[in-house]
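Read off the chains here:
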Amino acid sequence: MVKRLERPDAKIELGYWAIRGLAQPIRFLLVHAGVPFSEVRLGINQDGSAVDDESLDWEIQKRTLAMPFPNLPYIIEKSDSGEIQLSQSNTIMRYLGRRFGYYGDTASERTCIDLLQDEAYDLRSAIIDTVYTLGADYQAVYDNFRSTIAPKYLDSFENYLSAREDYVHFVGDKLSLVDFILYELIWQTSVMIAGSVT
């Protein structure tokens, strides 16, 4: 079952599982930009209960999309000049960043955003590897994440930010798409490791 959250004034539809995940930075950016959007949330019934097999939701929804590489998350933006359909979270973030002014003002800023975005997704991969490790191996993987991986990334991002003269934003003097991504990943880390972010 698919849950639809419709906004009558929305020109953008965001499709993803009914979790924060890869879609949360997209939501943050759209809300900060003041852009109304509708959502298609998969794996959840209209009443908010979970479905037994969420993969069926995706198989059905995927057939409705006219994009070359359907994947989650996706966005569909409708305008008078046509429709843009995109998948892949990094592609979506860069598109929305360019569209709404969150992708830097210079080539140098855009390069820094790209670098930080890739570094952030290395942290995300480590979070996913940890969270989805099951059984007897979990404790060792979690312990490594807590003692080695999380400090490595958190320290690197903190050092990068504190070396900037204006250390309010990761790039430039205003929010960029990477601020939304890093906010979500740092929040996830703080949930996984109490006291890791102060």
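Structural data are supplied above this passage.
The model shown is predicted, which means the values in this text are computed figures rather than measured ones. (Residues numbered from 1 in each chain as written. Predicted model: local features only at pLDDT ≥ 70, side-chain atom pairs only at ≥ 80, totals over all residues. Heavy atoms only, no water.)

Draft legend 1. Structural context of the layout of surface pockets. The computed volume of the largest pocket comes to approximately 390 Å³. Among the elements of the structure, α5 (138-162) and α6 (177-192) are those that each provide at least two residues to the lining of the largest pocket. Its residues assigned to classes, the lining of the largest pocket shows nine nonpolar, two polar and three charged. Empty space within the second largest pocket amounts to approximately 300 Å³. (1 Å grid on protein atoms, 1.4 Å probe; cavity = no way out; pocket = protein on both sides within 12 Å on 5 of 7 lines; lining within 4 Å. Points joined across faces, edges and corners; volume = space filled by probe spheres on them. Helix = DSSP H or I, 4+ residues; strand = E, 2+ residues; numbered from the N terminus. Nonpolar A, V, L, I, M, F, W, Y, C, P; charged D, E, K, R; others polar.)

Draft legend 2. Structural context of the pattern of salt bridges. Applying the stated criterion across every chain yields a total of ten salt bridges. Where Arg-99 meets Glu-77, a salt bridge forms, and the shortest distance between an N and an O atom there is 2.7 Å. Of this pair, Arg-99 sits in helix α3 (residues 89-100) while Glu-77 sits in strand β4 (residues 74-79), and the two are 22 residues apart along the sequence. Under the relative-accessibility criterion, Glu-77 is labelled buried at 7%. Put simply, Arg-4, Glu-6 and Glu-13 are held in one network by salt bridges that share partners. (Salt bridge = Lys/Arg side-chain N within 4 Å of Asp/Glu carboxyl O. Buried < 20%, exposed > 50% of the residue type's maximum accessible area, 1.4 Å probe, protein only.)

Draft legend 3. Representation of the packing of aromatic side chains. Enumeration according to the criterion identifies six aromatic pairs in this entry. Centre to centre, the rings of Phe-28 and Tyr-183 are 5.5 Å apart; their planes meet at 75°, and the pair counts as edge-to-face. Of this pair, Phe-28 sits in helix α1 (residues 24-33) while Tyr-183 sits in helix α6; the two residues are 155 residues apart in sequence, bridging distant segments of the chain. For Phe-28, a relative accessible area of 22% translates into the label partly exposed. Relative to Phe-170, the ring of Tyr-160 lies with its centre 6.4 Å away and its plane at 15°, an arrangement referred to as stacked. Of this pair, Tyr-160 sits in helix α5 while Phe-170 is found in the loop between α5 and α6, placing the two residues ten residues apart along the sequence. (Phe/Tyr/Trp six-rings, centres within 6.5 Å; stacked < 30°, edge-to-face > 60°.)

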